[in-house]
Amino acid sequence: MIVRVHGKPVTLTIETIAATRAWFIENEKACIAEAREYVATGGKSGTRVNNLDRYVAWCEDSIARIESGEGDRSVTFIQRAVALQTGECVPLLAPPTTQAHA
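What counts as what
Residues numbered from 1 in each chain as written. Predicted model: local features only at pLDDT ≥ 70, side-chain atom pairs only at ≥ 80, totals over all residues. Heavy atoms only, no water. Helix = DSSP H or I, 4+ residues; strand = E, 2+ residues; numbered from the N terminus. Expected span 1.5 Å × (residues − 1). Buried < 20%, exposed > 50% of the residue type's maximum accessible area, 1.4 Å probe, protein only. Contact = heavy atoms within 4.5 Å. Axes fitted to C-alpha atoms, helices over the stretch in contact; angles between N-to-C directions. Left-handed = near helix turned anticlockwise from the far one by under 90°. Nonpolar A, V, L, I, M, F, W, Y, C, P; charged D, E, K, R; others polar. Phe/Tyr/Trp six-rings, centres within 6.5 Å; stacked < 30°, edge-to-face > 60°. Lys NZ or Arg CZ within 6 Å of the ring centre and 35° of its normal.

Enquirer: Which residues make up helix α3 (residues 75-86), and what values do they have?
Expert: Across its twelve residues, α3 extends 16 Å between first and last C-alpha, which sits within 8% of the 16 Å expected from 1.5 Å per residue. Buried within α3 are the following residues: Phe77, Ile78, Ala81, Val82 and Ala83. In this structure, the buried side of α3 is in contact with β1 (2-5) and α1 (14-40). Just past α3, the residue Gly87 takes up positive phi, approximately 85°.

Set out below in structure tokens:
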């Protein structure tokens with residue numbers, strides 16, 4: 001996949017796309033675990049959600065969409081993929097700086 005970062009093309013590799021999807025899937029799984037932890041600890045730790053079953057279903061649906069590649073063109077996905085591939089976290093929505101870098 002070729003994306004533009006401040007007008008310059010960056011080719012995201014198949015490995016980068018797979019790693020980025022895996023990152024987002026692991027994030028969703030961690031969110032589910034935190035919500036379940038809140039219930040299991042009686043609210044002493046974890047993250048509170050209004051309806052655990054609906055939240056888990058929503059996260060699982062999100063995982064399925066990530067696996068299918070539905071979000072591969074979102075700004076969030078592209079920014080994470082560029083960061084994983086290049087090691088740089090660039091502000092994709094900000095204009096490139098006109099100042100010289102030291």
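There's plenty left to go through after this.
Enquirer: Can you explain the packing of α1 against α3? Please cite residues and give values.
Expert: Two numbers describe how α1 lies on α3: the axes approach to 9 Å, and their chain directions differ by 120°. Where α1 crosses over α3, the handedness of that crossing is right-handed. Mapping the contact onto sequence places Thr16, Ile17, Ala19, Thr20, Arg21, Trp23 and Phe24 in α1 and Thr76, Phe77, Arg80, Ala81, Leu84 and Gln85 in α3. Grouping the amino acids of the contact of α1 with α3 by side-chain chemistry returns seven nonpolar, four polar and two charged.

Enquirer: Describe the packing of aromatic side chains, and please don't skip the residues or the numbers.
Expert: The final tally for this structure, using the stated rule, is three aromatic pairs. Ring plane angle 20° and centroid distance 6.0 Å describe the contact between Phe24 and Phe77, whose orientation is recorded as stacked. Of this pair, Phe24 sits in helix α1 while Phe77 sits in helix α3, and the two are 53 residues apart along the sequence. Taken as a pair, Phe24 and Phe77 share a single burial class, namely buried. Ring geometry for Tyr55 against Trp58: centres 6.1 Å apart, planes inclined by 35°, an arrangement best described as tilted. A residue pair is termed a helical-turn pair when its members lie 3 or 4 positions apart in one helix, as Tyr55 and Trp58 do in helix α2 (residues 52-68) at three residues. Feature note: the residues Trp23, Phe24 and Phe77 constitute an aromatic cluster, connected by ring pairs. Positioned over the ring face of Trp23 is Arg80, at 3.8 Å from the centre of the ring.

By themselves, these are just geometric observations and shouldn't be taken as functional.
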